[in-house]
Amino acid sequence: MLVRHVEAPDPVRLMEALAIPPAPGFRTHGARVEHLLAPRDGCLADVITEALQLPQGAAELLLRFGAIHTCPVPPALSAASAAGMSAAELAEVQLAREAAQQRAGTSSQVRTTRRAQEGATTTRGAYIRVHLHPKRFPGAHAVDWAGRVVASTDEYVVVSKPAGVPSAPTVDNWLESAPACTAQASTSGSHRRRSCLCIFALLVALRLAGSKVSALALEQPLLLTSRLDQCTEGLLVLAKTRSFVARFNQLVQRSSNNSKHSSSTTDDGRSSDGNGGRGGGTEQQEHSMCGASSDSCAPQQRPLRKFYRAATAVAPPLGLLRHHLSIERRHQGLPSFTIAHDQAVEGSLLAELRVVEVAPIRLTAAATEQWGTPAEAIPVYECLIELLTGRTHQIRAQLAAVGCSLLGDSLYQPLVSLQLRQRLFAGDPCDDLRQGSADRLLREPQGGVGLQACRLEVADACMGGSRDAPALFDAGTPWWRA
């Protein structure tokens, strides 16, 4: 936690990592995190600049990114951290921690590490964590955020998030997340705002040029009510008040079938629905499979309905798809993923969606180039999906399980194989299937995939709708469709 002979970062490399927007083709530098105890009271940016020997202005940029976290009372040393310190250093850290506790008190507030704001000050002995190389999201600078605001009121904003931008801030980058970008583009009031400028990018550029202009921001940060995967585009509902977050969460709970776990099984572990999750079915069959009281069988009665568009090389079957998901599976060296089973297994969650329509489409040149899909060589299909439960990676996992993985989805395209899903679920690392020692069997998509959260129907007054006249929010044409 003490700064001990820290090598000063290369100033050119550091400012390259913090450039707004990043240079074309820029790739995020490897993570570098520094921990220190503030040697004095004062301006946080000045203290960090001196301690880490940063170039002028770098600490202010790191604060703008949200890449600096502080805590008035240093946390207790982990065993790993303590192992690399001498007895004298350990004693010094302990004395500093005790002194900070005496100054700051014992409340939980002073023991919680928080993201530091611009203009923050620090006190002697406070803990500071600095992420020198924030993970970058260039897509945040490639769109007109004001033009993507679908609706804005005093309580919420609906925005169409582009693919490649995270729904939530990362630990080292608040600036290039959907809530931060939207906050710079949204206005209070009910009218949609249009502008040709990405305001926050302009203001940061002016700041870097020496301007004294302050950044535009709402009085309070926008709050998440739900999330989309970074590689997915489409509608996000962001709250301006905590009371709206609570009301929207209640709306989601009343509308979702998430309470239906996969425990509805026979004694031998087989699903009692008998469908196996593979095919679509008629409305009568769906009613029989789900039961007369199932939420998924009465979509018009749910106050919140979510629809997605999906682009695939194979047309999925129309009707209900039902699977049992083992979510957030983790294997060493692989990103976390979800496995879809035809039958219930221990710990699995029921997942349901309905494929409403399927039609052939043509791809844009950008989609063809990114996905490497010859525009005329193979057919491409776009389907409309109504999501009936909300599970991690649900649509991606379910479509892969029926042989219709999303275009561009390098994480789930291999999971079209039932044998691979079974082996991974059993804990097999599948080393024999890797092409080389450095090759990953499953990889996070580098760009957007063929998935868009395209429409919300809200039959509730919290977003201006009613049962007779639901409020409708539409994301527009997906980026991949010509």
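Parameters at a glance
- Residues numbered from 1 in each chain as written.
- Predicted model: local features only at pLDDT ≥ 70, side-chain atom pairs only at ≥ 80, totals over all residues.
- Heavy atoms only, no water.
- Pairing = 2+ DSSP bridges.
- Helix = DSSP H or I, 4+ residues; strand = E, 2+ residues; numbered from the N terminus.
- Contact = heavy atoms within 4.5 Å.
- Axes fitted to C-alpha atoms, helices over the stretch in contact; angles between N-to-C directions.
- Core = buried A, V, L, I, M, F, W, Y, C linked by side-chain atoms within 4.5 Å.
- Buried < 20%, exposed > 50% of the residue type's maximum accessible area, 1.4 Å probe, protein only.

1. So, the sheet that holds strand β3 (residues 68-71)
Stage number 1. What the 4 strands build is an open sheet, ordered β1-β6-β3-β4; its pairing is antiparallel. In the strand order of this sheet, the two ends are held by β1 (33-37) and β4 (114-115), each with one partner.
Stage number 2. Where β3 lies against β4, 2 bridges are found, and the strand directions are antiparallel. Along β4, the bridge assignment pairs Thr70 with Arg114.
Stage number 3. In the packing of helix α3 (residues 58-65) onto the sheet, the strands contacted are β3, β4 and β6 (127-131), and the crossing angle to β3 comes to about 85 degrees.

2. Considering the nonpolar core
Stage number 1. The biggest cluster of nonpolar side chains holds 33 residues, and the ones touching the most others in it are Trp145, Tyr308, Ile385 and Ile395.
Stage number 2. Those residues within four positions of Tyr308 in sequence are excluded, and the remaining contacts are Leu228, Cys383, Leu384, Ile385, Leu387, Ile395, Leu451, Gln452, Ala453 and Cys454.
Stage number 3. Within the second largest apolar cluster, 25 residues are counted, among which are Leu54, Ala58, Ala59 and Phe65.

3. Quick look at unusual backbone geometry
Glycine aside, a negative phi is what most residues show, and trans is what most peptide bonds show.
Stage number 1. Residue Pro21 is reached from Ile20 by a cis peptide bond, and omega for that bond is -5 degrees.
Stage number 2. Along the polypeptide, Pro21 turns up in the loop between α1 (11-17) and β1.
Stage number 3. Of note, Glu328 is a non-glycine position whose phi angle comes to about 50 degrees, a positive value.
Stage number 4. Here Glu328 falls in the partly exposed class, since its relative accessible area comes to 41%.

The values are spatial; any link to function lies outside them.
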